[in-house]
Each structure stands twice: as structure tokens, then as C-alpha cells.
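Single-letter residue listing:
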Amino acid sequence: MPKGEPFKIKMVEPIRLISREEREAALKAAHYNPFFLRSSDVYIDLLTDSGTGAMSQFQWSAMMLGDEAYAGASSYYKLKETVTDITGYEYVIPTHQGRGAEKSAFSQLITRKGMYVVSNMFFDTTRGHAQLAGARPVDLLMDYPTDEFHPFKGNMDTVKLEQFINEHGAENIACIIMTVTNNSAGGQPVSMANIRETYRIAKKYGLLVLFDVARYAENCHFIRMREEGYADKLPIDIAREMFSYGDGLMMSAKKDALVNIGGLLAFRDEELYNKVGGAVVPFEGFLTYGGLAGRDLEAMAVGLREALDPDYLAYRVGQVQYLGELLRSAGVPIQWPVGGHAVFIDAAKFLPHIPWDQFPGHALTAALYLEGGVRAVEVGSLMMGRDPETGENVRSPFEFTRLAIPRRVYTNQHMEDVAEAVINAYKRREEIRGVRFTKEPKVLRHFTAHFDLV
Ligand SMILES: *Cc1c(COP(=O)(O)O)cnc(C)c1O
């Protein structure tokens, strides 16, 4: 097997590491919040893998074919045929990004205040939209320790799922959301067996299953590598089987669809399409463009297929694993095994002297930026926010610092620079201090809060 990336680079974007003094000044000016850093002050940007990937020459050339007709554009039909081919779902609606799909779907599916929506684990905007529509989101993730190997740590606890349905009644559950890969649990995959069993239970009780499927291709790769009976199957065949165990999908196209902006809804039956489509028109735009330009639809149609290329997937997931190995072999505590799109550092273990409500995962993002100009993000109690009733901080089961790897953007040499920054911070971990708020917004506070070091 060749070791190199399965592409060569045709266009470059210069980056540089500014001096330590400049990084200190930039971090202070950003109120110790990585979302306020200018990207030109960042050397390696691992804030997110969302919309940050590099498009291929095939995607760029497809953009020139964009049909900008308001309705019924040929670009829409190319996208629709691709989605139907991969998923089997006939009814396809583009949206401006994943949260546009969530808002449209939940506003129609959640018909009563106080209904439940059940998931292996909600992504934050998905949880937010379920709540905005009046529902109570419930996570039923299997419980696995962060440092113990399990091939599918994103799985739904199907025993708890059936208990939950029996306890609360199927009529009080709007739908089941199957998140693959499971972003909030560390980009961890979900097994085919788990997806199949969840669907079987759902159908037994007449419940709808929608995929939240930003990283469908990475999940197919993990199934191919780790689940018995799939080694000889192509990722696209695995995808087709996976989608057969659901009634539709909501998707952020900014991840595995390899585009910088976009989202999707797709459904197996017309009734659901009509119901949700009614909300798309006022929120997103007409059913065949959903807030996107025709050229965006073209790029998405190409990207959805490129993401299923076995060589691309081996490189992609392999690069994340490469960074994970560099850190683990140096003794840095990380979520193990690593997920498909990011390495999650276990900041509670990395910084045991920082209490959870001084946000160790966030304190570490500041340290990594100072150490090597690397931008990461906290996924932990800071992101959880406060209980709306008591006003208390909600404690997350994990305190993570996430290093999300953009697709086809950085080389493994960059990963070595990232590892060096993390390992240097680890050697000096006792000097790293917690943070406290100097300004705390009420909703989605992590994006715009200001901090000081404790
Ligand atoms: C990114 C993401 C979303 C939200 O999509 P946006 O395109 O950022 O609006 C929803 N669910 C999952 C699992 C995601 O990763």
C-alpha cells in the first residue's frame, strides 16, 4: 500500500506561525475564546471539519455547470439522482446547511409540546432545534469508558431504547434520530447491527427513524474495517444497506459531502416529503434549491460520491488515526480508538487540577494556541450550557478538547506539528490554568463568551 495522500496539490493557500508574543496578544484580544481569533493568526486550524475541506478539480469544474434557475434546475436533478442512488430515498430537498434541515423537519414532526425525540446522541444544533420545536431530546448512548477499545462507541443503547418507548409511550415520541458517525460522542461510528436493531425496534412501535448523517461515508468505512461480513463490500453498498434501515435523513453537507456550504433532507415516502417540504419553502427557499446556488448543488452531487471512494476514506480516516497514534504513544490521554473526523483529548485526565466548571477542555485550547498556533475547540461542560430551570452549569460526562481535521487540507507533516504542540503542553500541564467567564451569553454560550484565566 502506498503511504502518500491519494491526490496532489494544484492550488496552495499560504499559512504561517506567528511569534509567541503575537500569539499571546491575539489570544488576549480574543478574550481567550478561539472563535474570536482571526484565521490569519492561526497556523493549523482544527476548530472544525465543517465546511473547511478542499474541493476536487471535478467539483470545481462541475460548479461551472451550475443551473441557476429558481425552480427545477438541472443541477437539482443531478443532486437528486445521486442522493437517491446512494440512499434509496426518492424525495430530496437541499437546504442551506444541516441546521436548516433540522429546523424544517422538527417544526413539522414535533406536533405537541413536551414530546420526546430520542437519539444515540444529539449534535448541539440538532438538540437545539428539537428544543425550539418544543420537544425533549433524550440521549441513549451506550456507556463506554474513553480509554477502552470498542469498535462502535457511537451505538444506541437499544435495550434502553425499548424500555424508554415502553415507559413513555410511542405516541409521545416524535421520532428517533440516528446520528452517524456520532459527533458528540467523539465522531465514533455506529455499527450496521445497531442501526438495523434500532430500526427493527422503531418499526415494532410504529416510530419514524431519521438519520443525522453528516459523516455517512466515514461511518461506512468503519463498518467495512471493523464489522464482520463487510470487508469485501464497497462503501457505497454499505451506505445503501445502512439507509435501508431508516425513513429519511437530515444532513450537513459541510462534512462528508466535501462542500463548503450545504445541507440535505431526503425521505422514503411522499407524505413525509410533503409535510416537511411545507416548512422548507418559507425557511430555506423553494424545494429544488433550499437556499443554495445551482453551482453549490453541482459540487455537492460530485462530493457525495467522492466521499465514498475507498482510497479517499482510507487516507481520511488514516490521517486522523495517525495524529491519534502520535499523541497516544506520547502518553497523552485521548478518546480511544479515535473517531472519523477528530482526535478528542480527554482534558479531564490531561488537566486533573482544573475543576470541571473551570472548563479544562477550554483551558487546553488556549494552551495549544500559545504552544503551536493550533486552534482547537472545547466539547464538554462549557458547550453544555446551563440548566434553563435552575441556572446551574450542566456537567458533561466528558471534558474534551477536539482537534477536528479538515478534509484534504493538511499533510501528515502538519499533524506532526500539532502533536508536538500537544505534547509540549502536556509536559507543562501543571502550569495550565482554568478559565472563568467575563461575559456569558444565554444561548450557545461557547461561541461568543469572553474569558479570563483563573
Ligand atoms: C454539523 C452537524 C450538524 C449541523 O450542520 P450545520 O451544517 O453545521 O448546520 C448536525 N448534525 C451533525 C451530526 C453535525 O455534525
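It should be emphasised that the depicted structure is a prediction, and the values quoted were computed from it without experimental measurement.

What counts and how
Residues numbered from 1 in each chain as written. Predicted model: local features only at pLDDT ≥ 70, side-chain atom pairs only at ≥ 80, totals over all residues. Heavy atoms only, no water. Helix = DSSP H or I, 4+ residues; strand = E, 2+ residues; numbered from the N terminus. Rg over C-alpha atoms; globule rule 2.2 N^0.38 Å. Buried < 20%, exposed > 50% of the residue type's maximum accessible area, 1.4 Å probe, protein only. Contact = heavy atoms within 4.5 Å. Areas by Shrake-Rupley, 256 points an atom, 1.4 Å probe, with all protein chains shown as cover. Domains from an automatic or database assignment. Buried area = accessible area lost by both parts, 1.4 Å probe. Salt bridge = Lys/Arg side-chain N within 4 Å of Asp/Glu carboxyl O. UniProt positions renumbered as here; feature names shortened; annotations may be inferred. Pairing = 2+ DSSP bridges. Axes fitted to C-alpha atoms, helices over the stretch in contact; angles between N-to-C directions. Core = buried A, V, L, I, M, F, W, Y, C linked by side-chain atoms within 4.5 Å. Parallel < 35°, antiparallel > 145°, perpendicular 65-115°, else oblique. Nonpolar A, V, L, I, M, F, W, Y, C, P; charged D, E, K, R; others polar.

So, the overall build of the protein
Consideration 1: Helix and strand counts for the protein stand at 17 helices and 14 strands.
Consideration 2: Over its C-alpha trace the protein gives a radius of gyration of 21 Å, about what one expects of a compact globule, namely 22 Å for 454 residues.
Consideration 3: Here the protein holds 454 residues, and the buried ones make up 58% of them.
Consideration 4: In the protein, the share of contacts with a sequence separation of at least 24, taken over all contacts with a separation of at least 6, comes to 73%.
Consideration 5: In the form shown here, the protein has an accessible surface area of approximately 19,200 Å², with 53% of it arising from carbon and sulfur atoms.

Some details on the domain arrangement of the protein
Consideration 1: Under the domain assignment used here, the protein contains domain 1 (20-49 + 309-453) and domain 2 (57-306).
Consideration 2: With centres defined by C-alpha atoms, the gap from domain 1 to domain 2 works out at 26 Å.
Consideration 3: Opposite the 27 residues of domain 1 that make contact, domain 2 presents 31 residues.
Consideration 4: Counting the surface lost from both domain 1 and domain 2, the interface buries some 2,400 Å², and carbon and sulfur atoms represent 54% of this.
Consideration 5: For the interface between domain 1 and domain 2, the tally reads five salt bridges.
Consideration 6: Across the salt bridge formed by Arg-407 and Glu-218, the nearest N and O atoms sit 3.0 Å from each other.

Here we look at the UniProt feature "domain: Aromatic amino acid beta-eliminating lyase/threonine aldolase" (unreviewed entry) in the protein
Consideration 1: Taking the UniProt record as the reference, the feature "domain: Aromatic amino acid beta-eliminating lyase/threonine aldolase" (unreviewed entry) is found at residues 45-420.
Consideration 2: The distance separating the terminal C-alpha atoms of residues 45-420 is 15 Å; by composition the span is 44% helix and 13% strand.

Considering the UniProt feature "modified residue: N6-(pyridoxal phosphate)lysine" (unreviewed entry) in the protein
Consideration 1: UniProt feature "modified residue: N6-(pyridoxal phosphate)lysine" (unreviewed entry): in the numbering of this structure it lies at Lys-255.
Consideration 2: Looking at the element boundaries, Lys-255 is found in the loop between strand S7 (248-252) and strand S8 (263-267).
Consideration 3: Relative accessible area serves as the criterion here: at 8%, Lys-255 is assigned to the buried category.

So, the environment of Tyr-205
Consideration 1: Here Tyr-205 lies in the loop between helix H7 (192-204) and strand S6 (209-212).
Consideration 2: Sequence spacing of Tyr-205 and Pro-337 is 132 residues, and the spatial spacing of their C-alpha atoms is 34 Å.
Consideration 3: Setting aside anything within four residues of it in sequence, one finds Tyr-205 in contact with Glu-162, Ile-165, Asn-166 and Ala-170.

A closer look at the sheet that holds S8
Consideration 1: In spatial order, the strands read S2-S8-S7-S6-S5-S3-S4; together these seven strands make up an open sheet with mixed pairing. Because the sheet does not close on itself, it has two edges, and the strands there are strand S2 (91-95) and strand S4 (136-139). Across the sheet, the mean angle separating the axes of adjacent strands is 20° when strand polarity is ignored.
Consideration 2: As paired strands, strand S3 (residues 116-119) and S4 are joined by four bridges and run parallel to one another. By the bridge assignment for S4, Val-117 is matched with Pro-137.
Consideration 3: Those strands touched by helix H5 (residues 124-132) are S3, S4, S6 and S7, and its axis lies near 145° from that of S4.
Consideration 4: Against the sheet, helix H6 (residues 158-168) engages S3, S4 and strand S5 (173-179), with an angle of about 170° to S3.

A word on the nonpolar core
Consideration 1: Of all hydrophobic cores here, the largest spans 64 residues; its most connected members are Phe-211, Tyr-216, Phe-243 and Leu-304.
Consideration 2: When we break this core down by domain, the ones giving at least three residues each are domain 1 (20-49 + 309-453) and domain 2 (57-306).
Consideration 3: In this structure, Leu-304 is in contact with Leu-79, Thr-82, Val-83, Ile-86, Tyr-216, Met-251, Ala-257 and Leu-264, ignoring residues within four places of it in sequence.
Consideration 4: The next biggest cluster of nonpolar side chains, apart from the first, holds 33 residues, and it includes Ile-44, Ile-345, Met-415 and Val-418.

Digging into the packing of helix H8 (residues 216-226) against helix H12 (residues 310-329)
Consideration 1: With their axes 10 Å apart at the nearest point, H8 and H12 run at an angle of 90° to one another. Considered as vectors, H8 and H12 are oriented roughly perpendicular to each other. Along the contact surface, H8 presents Ala-217, Glu-218, His-221, Phe-222, Arg-224 and Arg-226, while H12 presents Pro-310, Leu-313, Ala-314, Arg-316, Val-317 and Gln-321.
Consideration 2: Residue composition of the contact of H8 with H12, by class: six nonpolar, two polar and four charged.

Some words on the sheet that holds strand S12 (residues 400-404)
Consideration 1: Spatially, three strands are ordered S9-S12-S11 in an open sheet, and the strand pairing comes out antiparallel. One side of each edge strand has no neighbouring strand; the edge strands of this open sheet are strand S9 (342-346) and strand S11 (377-379). Taken over all neighbouring pairs, the strand axes of this sheet differ in orientation by 35° on average, direction set aside.
Consideration 2: With five bridges connecting them, S9 and S12 associate as antiparallel partners. Bridge pairing in S12 links Ile-345 to Thr-401.
Consideration 3: Together, S9 and S12 form the strand contacts of H12, whose direction differs from that of S9 by roughly 25°.

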